[in-house]
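Structural overview
Spelled out from the first residue to the last, the chains are:
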Amino acid sequence: MLATKICVDMHWLRSPLPKRCVLLFTQRLFCSQRQLPILTLFTKDPCPLCDDAKEVLEPYKHRFILHEVDITLPNNKVWYDRYKFDIPVFHLNGQFLMMHRVNTTLLEKRLSKLEDT
């Protein structure tokens, strides 16, 4: 349905190909792209260890979406109570992954597992 809507909305596209070919092409283009996993970083300001961890993550940043959660904000009290002495803490797609520092071996293993599914 999305591909059909895209074809209709892309009226400016004048293709010599039959509409069915354009439809199949757009379905493959948009449906074959996977959504990146979400790596959540529980942090606060300042957090030098978190800054160091983000530098270590730099080579991997194209493989996930980084979401930072400031545990000192009032609406994050649950995370503050849980992680106040352990930041940086990382969750991958909502599951605990690691704390204190980036374990690149573990990160690589979990990202590869998600990419293979």
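Residues numbered from 1 in each chain as written. Predicted model: local features only at pLDDT ≥ 70, side-chain atom pairs only at ≥ 80, totals over all residues. Heavy atoms only, no water.

**Focus on the nonpolar core**
Here is the rule we go by: Think of a nonpolar core as a cluster: buried Ala, Val, Leu, Ile, Met, Phe, Trp, Tyr and Cys residues, connected wherever their side-chain atoms sit within 4.5 Å. Type-normalised accessible area, obtained with a 1.4 Å probe on protein chains alone, sets the label of each residue: buried when under 20%, exposed when over 50%, and partly exposed for intermediate values. A run of DSSP states H or I qualifies as a helix once it reaches four residues; a run of E qualifies as a strand once it reaches two. Both are numbered from the N-terminal end.
Ranked by size, the top nonpolar core spans 13 residues in total, and within it Leu39, Leu57, Phe90, Leu97, Val102 and Leu107 carry the most contacts. Taken together, the elements giving at least two residues each to this core come down to β1 (38-43), α3 (48-57), β3 (89-92), β4 (95-99) and α5 (104-116). One finds Phe42, Cys47, Val69 and Ile87 within the second-largest nonpolar core, a separate group that totals eight residues.

**Some thoughts on the sheet that holds β4**
Our working definition: For two strands to count as paired, DSSP must find a minimum of two bridges between them. Orientation is described by lines fitted to C-alpha atoms, with helices fitted over the stretch in contact, and by angles between N-to-C directions that extend from 0 to 180 degrees. Contacts between residues were defined by any pair of non-hydrogen atoms, one from each residue, lying within 4.5 Å.
Taken in spatial order, the four strands line up as β2-β1-β3-β4 in an open sheet, and their pairing is mixed. The open sheet is flanked by β2 (65-70) and β4, the only strands paired with a single partner. For this sheet, the mean angle separating the axes of adjacent strands, direction not counted, is 25 degrees. Here four bridges tie β3 to β4, and the two strands are oriented antiparallel to one another. From the neighbouring strand, His91 faces β4, where its bridge partner is Phe96. Where α3 meets the sheet, it contacts β1, β2 and β3, and its direction lies at approximately 160 degrees from that of β1.

**Details of the state of the cysteines**
Working definition of a disulfide: a covalent bond connecting the sulfur atoms of two cysteines. Inclusion rule: Counting rule for disulfides: a pair of cysteine sulfur atoms within 2.5 Å.
Applying the stated rule across the entire model yields one disulfide. A disulfide bridge connects Cys47 with Cys50, and the sulfur atoms are separated by 2.1 Å. Measuring handedness by torsion sign, the sulfur bridge of Cys47 and Cys50 sits at about 70 degrees and is right-handed.

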